[in-house]
Amino acid sequence: MLDFTFIPRILPSLLKGAGVTLWLTAAAVGIGFIIGSFMGIMASGTSKLLGIVSKLYINVIRGTPLLVQIFLIYFGIPALIGASVPSTLAAIMALSINSGAYIGEIVRGGINSVDRGQFEAAFSLGMNRKLTMLHIIFPQAFKRIIPMLGNEFIAMLKDSSLVAVISMEELLRKGQLAVTRTFKPFEIYIVITLMYLVMTYCISLFVKWSERRFATDER
Amino acid sequence: MKDNIIEVRGLHKKFKRTEALKGVDIDIKKGQVMVLIGPSGSGKSTLLRCMNLLEIPTQGDVIFEGRKINDKSVDINEVRKEMGMVFQSFNLFPHIKVIDNIILAPMKVRGMSKDEATQAGMELLKKVGIPEKANDYPAQLSGGQQQRVAIARALAMKPKVLLFDEPTSALDPEMIGEVLDVMKAVAFEGMTMVVVTHEMGFAREVGDMVSFMDEGLIVERAEPEKLFTAPENARTKLFLSKVLHSS
C-alpha cells in the first residue's frame, strides 16, 4: 500500500536538493543571459564574422541534446586535459552554455523587434553603436523578452534535473538517493514531481507580475 | 564656397530595384533654410538621409564644412553630432522620460554633466512650450508635443544644421501648426535647416530657398516667392498646381 509517513524524515534532504536546483538554475540562466546578450547583439550587429560565430554557437547548442553536452563536459574534458572536472562546475558550465544559446536567440529576436527608427534617432544624435545598444535598444528589447526569459528559466529548472546523472545532488538526485534507502520510488517521485510543479508555478506567477510592472511606461 | 555648410555633389543612391537619386547637386549655406518639395518618391527624403549618412550614397560626395564625409576614414558619429535630425515618426525613446530623451546624448556624447544638461534641457522644453511634460513618458504626450520634444532633443546637441524629414506628415491636422511654429522660431534664430515638407505655406514663409525634386533630380531651385509665383519648369508647374489647389 502507499505509505507517505516516512516523507517528513527525508523532506529536509529533498528541500536541500530543491535549493540546489534553484541556485543551479539561477546561475545557469544568469550566466546564460550574459552569454546570450553577447550572442544576440553579435547576431544582430554589422560584423559578418561575429554574426557567423553567434549563429554557429546557437545552432550547435540548440541542435544537440543537453545530456550529450553534459557528458562531453563531465566525461570528455577530463579525458582531454587529464584532470577531473568537479560535478558542480561541470553542471554549471553545461547548463549555462546551453541556456546561453536559447537566450541568445531570444535576445536577437528582442533586438530585431525594436523599431528601426530608434537606431536612426540615436545615430542622428551622434551616438555610436555601443551607446545606442546600451541605452536605447537593449533596455527596450529587455522589457519585451522578460516573459520569454521567464519561460527559459522554467525550462532550465526542469532540464537541470539532467545533471543528476553526473551525481550533482539537486532535487532529482536527492530523490534517487532516498529511493535507494527506502525502496519507495512511487511515493518519492510523486513528492518530487509536486516540488518541481510548485517551483515552476511560483516562477510563472513572478513572470506575470514582472511583465505588468515593466510594461507601465510604454505605449 | 566658404559659406556653404553642406555641399552635395553628383549624388546617386540606388536601392535594390530603384534609383532614388540620379545625380543631385545642392549647396546649403550657413543660416539658410532650404526647403525640399516634390511628389512622393521623388527622392527628397533619401537626399536628406544621405546628408547625415543614414543612407550610404552609391556614388557622389557629401561635403560637410569642407570635408567629404562619405568616406571610410571619417568617423560618422563625430559628424552626426553636428547635424540634428527630426523624423516623420518622432522616434522618441519610449522607455525614458521626456527630459531624459533630451539630455541623454548631450551627456553621453558631448560629456556634459547631468545638472548642466538638465538645465539646458529644461530651457529647450520651455522654448518648445511644454516644460511641464519633462517627467512624463513620450507615450503620455500628443503627437504634436512629441514632435516638439524631438526638436528639443535635436537642439540639445547644439547642432550646426537641423534636418527635418517630413516633420508634420504623421500629425493630426490640428497639431501641425504648433510644430511649424516651433520650427519657425528655430529658423528665425539663425539655425541652418534643410526641410523636407508638404507644407507649402511654411516653405513660402520660412524658406530662403526652395528646391523642387522629381524622379531623383532637383528640377528647379529658386527663392520661394519666385518658385511659387513664377515656376519655370513644366513639372514644377504641374506639381504646384496640384498641391496649391488642393490646399
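Residues numbered from 1 in each chain as written. Chains lettered and ligands numbered in written order. Predicted model: local features only at pLDDT ≥ 70, side-chain atom pairs only at ≥ 80, totals over all residues. Heavy atoms only, no water.

The next thing to look at is the packing of aromatic side chains. Inspection of every chain in the model, using the stated rule, returns 7 aromatic pairs over all chains. Ring centres 5.8 Å apart and planes at 35° place the aromatic pair phenylalanine 206 of chain A and tryptophan 209 of chain A in the tilted group. Residue phenylalanine 206 of chain A and its partner tryptophan 209 of chain A are both found in helix α8 (residues 185–214); the two are separated by 3 residues, about one turn of the helix. With a relative accessible area of 53%, phenylalanine 206 of chain A lands in the exposed category. Here the aromatic residues Phe33, Phe138 and Phe142 of chain A are joined through ring pairs into a cluster of three or more. The cationic tip of arginine 116 of chain A hangs over the ring face of phenylalanine 119 of chain A; the distance from NZ or CZ to the ring centre is 5.1 Å. Over the aromatic face of phenylalanine 93 of chain B sits the side chain of arginine 153 of chain B, whose NZ or CZ is 4.5 Å from the ring centroid. (Phe/Tyr/Trp six-rings, centres within 6.5 Å; stacked < 30°, edge-to-face > 60°. Helix = DSSP H or I, 4+ residues; strand = E, 2+ residues; numbered from the N terminus. Buried < 20%, exposed > 50% of the residue type's maximum accessible area, 1.4 Å probe, protein only. Lys NZ or Arg CZ within 6 Å of the ring centre and 35° of its normal.)

Bringing the confidence of the model for chain B into the picture now. When pLDDT is averaged along chain B, the result is 94; 98% of the residues meet or exceed 70. For this predicted complex, the interface confidence comes out at an ipTM of 0.93, alongside a pTM of 0.87. (pLDDT = per-residue confidence, 0-100.)

Turning our eyes to something else, we now look at a nonpolar patch on the surface. A cluster of nonpolar side chains, Leu2, Phe4, Phe186, Ile190, Leu194 and Leu197 of chain A, forms an exposed patch at the surface whose accessible area comes to about 580 Å². Relative to the helices and strands, phenylalanine 4 of chain A is located in the segment before α1 (7–43). (Patch = residues over 30% accessible without salt bridge, like charges linked within 9 Å, V, L, I, M, F, W, Y side chains within 5 Å. Areas by Shrake-Rupley, 256 points an atom, 1.4 Å probe, with all protein chains shown as cover. Salt bridge = Lys/Arg side-chain N within 4 Å of Asp/Glu carboxyl O.)

Before going further, it helps to examine the sheet that holds strand β9 (residues 209–214) of chain B. Residue and element names in this part refer to chain B. Reading across from one edge, β6-β7-β8-β3-β9-β10 is the order of the 6 strands in this open sheet, with mixed pairing throughout. The open sheet is flanked by β6 (83–86) and β10 (217–222), the only strands paired with a single partner. Sheet twist, expressed as the average angle between the axes of neighbouring strands with direction ignored, equals 20°. Two elements, strand β3 (residues 33–37) and β9, share 4 bridges in a ladder whose sense is parallel. Paired with leucine 36 across the strands is serine 211, a residue of β9. Its contacts with the sheet place helix α5 (residues 143–156) against β6 and β7 (161–165), and it is angled at close to 175° to β6. (Pairing = 2+ DSSP bridges. Axes fitted to C-alpha atoms, helices over the stretch in contact; angles between N-to-C directions. Contact = heavy atoms within 4.5 Å.)

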